[in-house]
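Tertiary structure, described
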Amino acid sequence: MAETSARDSAEEGGRNVGICGDGGAREAPAAGGSGSIPPPTNPLVTPLLTDMYQVTMAYAYWKAGKQNDRAVFDLLHRKNPFGGEYTVFAGLEECVRFAANFRFTDADIEYLRTVMPPVCEDGFFSFLKAVDCSEVDIHAIAEGSVCFPRVPLLRVEGPLLVVQLLETTVLTLVNYASLVATNAARFRKVAGHDKLLLEFGLRRAQGPDGGISGSKYCYLGGFDATSNLEAGQRFGIPVRGTHSHAFVSSYMSFDEIIDRKLQRSDGSSTCEDFVLLTMQCLKRMQGAPSLQHWFGETNHSELAAFTSYALAFPTAFQALVDTYDVLKSGVPNFCAVALALHELGFKAVGIRLDSGDLSYFSVESRKFFRAVEKEFGAQGFGNMVITASNDINEDTLDALNKQGHEIDAYGIGTQLITCYKQPALGCVYKLVEINGQPRIKLSEDVTKVTIPCKKQCYRLYGKEGYALVDLMVGDDESPPRAGERILCRHPFSESRRAFVVPSRVEPLYKCYWSGSSGAPREPLPSLEELREHCRRELEAQRSDHVRAFNPTPYKVSVSAKLYDFIHFLWLNEAPVGELH
Ligand SMILES: Nc1ncnc2c1ncn2[C@@H]1O[C@H](COP(=O)(O)OP(=O)(O)OP(=O)(O)O)[C@@H](O)[C@H]1O
Ligand SMILES: O=P(O)(O)OC[C@H]1O[C@H](OP(=O)(O)OP(=O)(O)O)[C@H](O)[C@@H]1O
Ligand SMILES: O=C(O)c1cccnc1
Ligand SMILES: [Mg+2]
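Residues numbered from 1 in each chain as written. Chains lettered and ligands numbered in written order. Predicted model: local features only at pLDDT ≥ 70, side-chain atom pairs only at ≥ 80, totals over all residues.

Quick notes on the overall build of the chain
We apply this condition: Each helix is a run of DSSP H or I of at least 4 residues and each strand a run of E of at least 2, with the numbering of both proceeding from the N terminus. Partly exposed residues are those whose C-beta has more than 12 but fewer than 20 other C-beta atoms within 10 Å; 20 or more makes a residue buried and 12 or fewer makes it exposed, with C-beta atoms placed from the backbone. Once C-beta atoms are placed from the backbone, any two residues with those atoms within 7 Å are in contact.
Counting secondary structure elements, the chain contains 19 helices and 24 strands. Here the C-alpha coordinates of the chain stretch approximately 90 × 55 × 55 Å along the principal axes. Split into buried and exposed, the 580 residues of the chain put 47% on the buried side. If you take every contact in the chain between residues at least 6 apart in sequence, the share linking residues at least 24 apart comes to 74%.

Below is the structure:
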């Protein structure tokens, strides 16, 4: 029979990986095509969670009578994070919740009166009080999708004043969400699909929102569970935990263990002194010829702590073994308690390593488990779960893979949740059309030149089933069709172009908020569905695009017509220099 991985066991109901719980989510998934959409998860996400200049611009638009000009903005990133060639798009549901509930309160309006210059007319504030997203449409790539620079993740269309007001908030909702989901996906890729990935980031996250949204989007990106109970309750993410060094060092002797009784797992009898039993097990291990060279005296306060923890959790005993000395004390003490549990019909879970050379300690611990299994016929000891933590990042995971290790599960905090390798994703929100007139933003840096026009985006697949290219076309152009040859051009580099005959064409945009047209909108999937979508998307990528080291860039292109138009507009808008 194939060995069950730690991850499988956890997914089977989480019985086998420490203390765990899979309580139901407090929030039902957001309403989809019908019904009301709940407010953003974080109550701080209000219309005032924005930069002041959005409101001053709103005033100037209103003063000029431009407030209802029909505007189209694209939200896009220009560069993939972490030196990679892909990004996982996340944060869409929160944007839709924000738009659906966008309304200034009376208190907001009163506050704005105090901060806006006194010249601002009263009529503006009355106007602002009535502003909502009932005339706004949001089209977007599905949340959890793999996406690429320049292809807008969101297209927001509506009255200029209100779609301008959405800018900062939707950026803050998408930037970190997509960054941390991508980080999680990268950790998953290098760790391997058979490993259990636990997110332990809350204590190091950038504040409570970083903690909560970090847990959510790490789960979306491929982590299996979190230590964060609020995120567990709110989103239905499985929660897991072990114990800390403080628990171990809080014990000084066995005298602290008062209630020493432990009923056998089948309830048939009771062991009156479990402490004595663990001490006897340790003695037996010390006397076993095959284990003698491994260790001598162990730390007894550590053994007391482990024994006490096992009395509290006989069915889920997992021990942190590096408080004093991993191989001379932690692992033998753990095995003594695990053997005592075994005698009473319980199966211990395993250990957590939190310092030192994780490869070496995991390999040595596994050898010790196997030796104990052999010596005492303790079935299952050889494959007890080894969890590793301590400032782990992508490079550590890669190094561990190269060295060889026996780790089944990783607990990862700081480097994951803070996105230590790259702390920000640079999504921007750019005006691309106003009243049907395409607009462009020029820059010395060609990567910063915007692609004008209200656009449609398609992913074109080749005959081997992989995506070949993402193609942007003007909204008025006919869509590319499977089996039909189409010229795909790099948006800015004249010589980079290719004819593509797609085997399949996937339209990337769906409508997630349809204020003005009242068109049916896509349902908002549950977090579990987003996670599954993300997993499938990552699996479907060509391996050279998603490898960690020197990945191949994915092609993002525009139609010939859009290419010509971009360059026409560019020449039109760029002033001609004069040399003297
Ligand atoms: N075999 C390994 N290969 C590469 N990196 C490793 C390996 N084992 C551990 N690491 C990493 O090396 C770093 C060890 O850090 P450091 O020396 O500060 O910790 P430590 O002294 O072992 O533990 P602590 O300071 O928490 O008691 C951690 O980032 C850890 O993830
Ligand atoms: O290392 P991270 O990836 O951030 O994972 C979370 C860390 O948090 C805990 O201890 P903490 O760091 O609070 O104390 P310690 O460093 O002394 O173990 C845990 O033991 C991990 O080491
Ligand atoms: O449960 C754990 O082991 C844990 C949780 C958070 C941080 N470090 C470890
Ligand atoms: Mg630490």
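Concerning the UniProt feature "domain: Nicotinate phosphoribosyltransferase N-terminal" (unreviewed entry) in the chain
Inclusion rule: UniProt positions are given in the numbering used here, feature names are shortened, and annotations may be inferred rather than shown by experiment.
As annotated in UniProt, the feature "domain: Nicotinate phosphoribosyltransferase N-terminal" (unreviewed entry) corresponds to residues 48-175 in the numbering used here. When the span residues 48-175 is considered, its composition is 42% helix and 16% strand, and the gap between its end C-alpha atoms is 18 Å.

What to know about the site of ligand 2
Note the cut-off: By convention here, the C-beta atom is placed from the backbone, and a residue is near a molecule or strand when that atom is within 6 Å of it.
As a matter of local geometry, ligand 2 sits amid 13 residues, with Phe200, Ser389, Asp391, Gly413 and Thr414 nearest to it. Listed by contribution, the elements that provide at least two residues to the shell around ligand 2 are strand 15 (409-412) and helix 16 (414-417).

Side note on the site of ligand 3
Filter applied, for reference: Only Asp, Glu, Lys and Arg are considered charged, only Ala, Val, Leu, Ile, Met, Phe, Trp, Tyr, Cys and Pro nonpolar, and every remaining residue, Gly among them, polar.
Contacts to ligand 3 come from Phe200, Ser227, Gly241, Thr242, Arg352, Gly411 and Gly413. Looking at the shell around ligand 3 residue by residue, the classes come out as 1 nonpolar, 5 polar and 1 charged.

Brief notes about the nonpolar core
Stated precisely, the cut-off is as follows: For our purposes the nonpolar core covers buried Ala, Val, Leu, Ile, Met, Phe, Trp, Tyr and Cys residues that link as a set through C-beta atoms within 7 Å.
Counting residues in hydrophobic clusters, the biggest one holds 161 residues, and the most contacted among them are Leu75, Cys95, Ala99, Ile138, Val170, Val180 and Phe317. Residue contributions to this core peak at 13 residues, all from helix 7 (residues 167-191). In this structure, Ile138 is in contact with Cys95, Val96, Ala99, Leu154, Val156, Tyr512 and Trp513, ignoring residues within four places of it in sequence.

Here's the deal with the environment of His342
Mapped onto the elements, His342 comes out in helix 13 (residues 326-343). What makes His342 buried here is the crowd of 22 C-beta atoms within 10 Å. Distance from His342 to Gln379, taken between C-alpha atoms, is 8.9 Å for residues 37 residues apart in sequence.

Observations regarding the sheet that holds strand 4 (residues 137-140)
Which entries qualify depends on this criterion: Two strands qualify as a pair provided DSSP detects at least 2 bridges between them. Lines are fitted to the C-alpha atoms to define the axes, a helix being fitted only along its stretch in contact, and any angle between axes, read from their N-to-C directions, falls within 0 to 180 degrees.
With respect to topology, 6 strands assemble into an open sheet ordered 17-16-2-6-4-23, the strand pairing being antiparallel. Looking at which strands have only one partner, the edges of the open sheet turn out to be strand 17 (437-438) and strand 23 (510-514). Pairing geometry for strand 16 (residues 428-434) and strand 17, over 2 bridges, is antiparallel. Bridge assignment links Ile434 to a residue of strand 17, and that residue is Gln437. Its contacts with the sheet place helix 3 (residues 92-100) against strand 4, strand 6 (154-159) and strand 23, and it is angled at close to 30° to strand 23.

Brief notes about the domain arrangement of the chain
It is common to give the size of an interface as the accessible area lost on bringing the parts into contact. For clarity, the threshold we go by: Note that the domain bounds reflect an automated or database-derived domain assignment.
Taken domain by domain, the chain consists of domain 1 (7-20 + 36-184 + 423-573) and domain 2 (185-417). Placing the centre of domain 1 and that of domain 2 at their C-alpha centroids yields a distance of 43 Å. Listed as interface residues are 29 residues of domain 1 and, on the opposing side, 39 residues of domain 2. Put simply, the parts of the chain that give the side of domain 1 that touches domain 2 at least two residues each are helix 1 (6-11), strand 1 (19-21), helix 7 and helix 17 (527-539). When residues in the side of domain 1 that touches domain 2 are grouped by element, the largest group, 7 residues, is from helix 7.

Describing unusual backbone geometry
We note that Phe82 has phi near 60°; this positive angle belongs to a residue other than glycine. Residue placement: Phe82 occurs in the loop between strand 2 (70-76) and strand 3 (87-88). Accessibility expressed as a C-beta count within 10 Å gives 18 for Phe82, which makes it partly exposed. Positioned with a positive phi, Cys419 is a non-glycine residue whose angle comes to about 50°. By secondary structure assignment, the location of Cys419 is in the loop between helix 16 and strand 16. For Cys419, a count of 21 C-beta atoms within 10 Å translates into the label buried.

Some remarks on the environment of Glu135
Note on placement: Glu135 falls in the loop between helix 5 (122-129) and strand 4. Sequence separation between Glu135 and Asp325 is 190 residues, and the spatial gap between their C-alpha atoms is 65 Å. Among residues more than four places away in sequence, those in contact with Glu135 are Gly158, Pro159, Gly515 and Ser516.

Overview of the UniProt feature "domain: Nicotinate/nicotinamide phosphoribosyltransferase" (unreviewed entry) in the chain
Per the UniProt entry, the sites bearing "domain: Nicotinate/nicotinamide phosphoribosyltransferase" (unreviewed entry) are residues 199-450 in this numbering. Across residues 199-450, helical content stands at 42% and strand content at 13%; the span's end C-alpha atoms are separated by 37 Å.

Considering the sheet that holds strand 18 (residues 455-461)
The strand order across the open sheet built from 6 strands is 21-20-24-19-18-22, with neighbouring strands paired in mixed fashion. Strands at the two margins of the open sheet, each flanked by one partner only, are strand 21 (497-500) and strand 22 (504-507). With direction set aside, neighbouring strand axes in the sheet form an average angle of 35°. Bridge count between strand 20 (residues 486-489) and strand 21: 4 bridges; the pairing is antiparallel. When the sheet's bridge partners are listed, Cys488 is paired in strand 21 with Ala498.

Description of helix 3
By the criterion of burial, helix 3 is predominantly enclosed, with 9 of the 9 residues buried. Within the sequence span of helix 3, burial applies to Leu92, Glu93, Glu94, Cys95, Val96, Arg97, Phe98, Ala99 and Ala100. Against the buried residues of helix 3 lie strand 4, strand 6, helix 7 and strand 23.

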